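Here's the letter readout for the chains.
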Amino acid sequence: MSMRFFKVTLEGPHGIRSIVAPSPTEVQAGDAAAVGARPGEALVSIEEVDSEYQEADVLPPTSQTDQLSQPDSFAPVDSARRP
């Protein structure tokens, strides 16, 4: 999936502001913007914007795999090593 850019509008006690979030999907852009949200801000809208010359305000969202540690059973197996 290619990276797209979304303008996420947040509203809070100090007014309305927008964050540009790089993301493959609209939903993930909301997740990425939530990381950059200030206390008391709520997500109001998400719209895709032209990506040409765009600068992001937050990092792209991470996947669940990146967020969670993997159990040892998923460690690479050394086939030359025998029990």
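The structure under discussion appears in the preceding block.
Model, not experiment: these values are computed from the prediction.

K.L.:
Mind laying out the overall build of the chain, listing which residues take part and the relevant values?
P.N.:
Across its full length, the chain carries two helices and three strands. The helix and strand sequence of the chain, counted from the amino end, reads β-β-α-β-α. Looking at the chain residue by residue over its 83 residues, the buried ones come to 20%. Of the roughly 6400 Å² of accessible surface on the chain, 51% is carried by carbon and sulfur atoms.

K.L.:
Outline the sheet that holds strand β3 (residues 42-49), supporting the account with residue identities and numerical values.
P.N.:
As summarised here, the arrangement of the three strands in space is β2-β1-β3, forming an open sheet in which the pairing is antiparallel. Edge positions in the sheet fall to β2 (15-23) and β3, since each has one partner strand and no second. Here the strands of the sheet are splayed against their neighbours by 25 degrees on average, with no regard to which way each runs.

K.L.:
Outline the side chain of threonine 9, supporting the account with residue identities and numerical values.
P.N.:
When you line up the elements, threonine 9 lands in strand β1 (residues 4-12). Here threonine 9 falls in the buried class, since its relative accessible area comes to 13%. Residue contacts for threonine 9: discarding those within four places in its chain leaves Ile16, Arg17, Ser18, Ala42, Leu43, Val44 and Ser45.

K.L.:
So what's going on with the nonpolar core? Which residues, and what values?
P.N.:
Formed by Phe6, Val8, Leu10, Ile19, Ala21, Ala29, Ala32, Ala33 and Val58, the largest nonpolar core amounts to nine residues. When residues of this core are traced back to their parent elements, those giving at least two are β1, β2 and α1 (26-36). Those residues in contact with alanine 29 that sit more than four places away from it in its chain are Phe6, Val8, Ala21, Ser23 and Ile46.

Conventions adopted
Residues numbered from 1 in each chain as written. Predicted model: local features only at pLDDT ≥ 70, side-chain atom pairs only at ≥ 80, totals over all residues. Heavy atoms only, no water. Helix = DSSP H or I, 4+ residues; strand = E, 2+ residues; numbered from the N terminus. Buried < 20%, exposed > 50% of the residue type's maximum accessible area, 1.4 Å probe, protein only. Areas by Shrake-Rupley, 256 points an atom, 1.4 Å probe, with all protein chains shown as cover. Pairing = 2+ DSSP bridges. Axes fitted to C-alpha atoms, helices over the stretch in contact; angles between N-to-C directions. Contact = heavy atoms within 4.5 Å. Core = buried A, V, L, I, M, F, W, Y, C linked by side-chain atoms within 4.5 Å.

The analysis is restricted to geometry; functional conclusions fall outside its scope.
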